[in-house]
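An overview of the molecular structure
Next come the chains, spelled out residue by residue.
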Amino acid sequence: MASETRPTLGLNITKELLDGHNFFVAASLLSASGVVQEFEADEGGAGITLFVPTDSAFSDLSATAISLQSLPADKKADVLKFHVLHSYYPLGSLESIVNPVQPTLATEDMGAGSFTLNISRVNGSVAIDSGIVQASVTQTVFDQNPVVIFGVSKVLLPKEIFGRNPVLTSKARES
């Protein structure tokens, strides 16, 4: 039984993101929201897998970023939790994932069947589909069991929050 509970790494996720030099916006959001402490507290259990949007992913949001910034604190926290799986999945595991629909930390807060990510292999890389956007894993920022942090190409917008957003719908038509 003792082997099932791992000691925590004592990892400072914000510091790892800042050291990655391309995750300043995400690090700022995680720190400001306070959810980073919840992520770090999960290190000793089944582990966590974080999909962290690059700074350019945030700048690509344009009009949607305004609606993201205007969300109440609890919804902003849900969006951040939507970027985290409550298990350790190194890249090789993601590439060969058997059940592509994965619950996120937001799923745990909001209930089964909601706030899930669809993970698949597309054109030789790992694709993550939120139901609104499809991002790809662009880099591994940190990987030491039980925590892995991946850089992703887009901000993962949950359809439960952004699905009926008229700003997002009109932006989607433009592209």
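Residues numbered from 1 in each chain as written. Predicted model: local features only at pLDDT ≥ 70, side-chain atom pairs only at ≥ 80, totals over all residues. Heavy atoms only, no water.

The name recorded for the protein chain in an unreviewed UniProt entry is FAS1 domain-containing protein, from Salix udensis. UniProt lists a comment for the protein chain under the heading Subcellular location (unreviewed entry), and it reads "Cell membrane". (UniProt positions renumbered as here; feature names shortened; annotations may be inferred.)

Further remarks concern the packing of aromatic side chains. Taken as a whole and assessed by the stated rule, the structure comprises 2 aromatic pairs. Between the aromatic rings of Phe-51 and Phe-150, the centroid separation amounts to 6.0 Å while the plane-to-plane angle is 20°, which identifies the pairing as stacked. Pair noted here: Phe-51 is in strand β1 (residues 48–53) and Phe-150 is in strand β7 (residues 147–152), with a separation of 99 residues, a long-range link. On the numbers, 6.0 Å between centres and 75° between planes, the contact of Phe-82 with Phe-115 is edge-to-face. Of the two residues, Phe-82 sits in the loop between α6 (73–81) and β2 (84–85) while Phe-115 sits in the loop between α8 (105–110) and β4 (116–122), which places them 33 residues apart along the sequence. Phe-115 carries the same exposure label as Phe-82, and that label is buried. (Phe/Tyr/Trp six-rings, centres within 6.5 Å; stacked < 30°, edge-to-face > 60°. Helix = DSSP H or I, 4+ residues; strand = E, 2+ residues; numbered from the N terminus. Buried < 20%, exposed > 50% of the residue type's maximum accessible area, 1.4 Å probe, protein only.)

Time to look at the sheet that holds β1. The strand order across the open sheet built from 7 strands is β2-β1-β7-β6-β5-β4-β3, with neighbouring strands paired in mixed fashion. Since the sheet does not close on itself, it has two edges, and those belong to β2 and β3 (101–103), each with one partner. The pairing of β1 with β2 spans 2 bridges and is antiparallel. Across the sheet, Leu-50 pairs through a bridge with Val-84, a residue of β2. (Pairing = 2+ DSSP bridges.)

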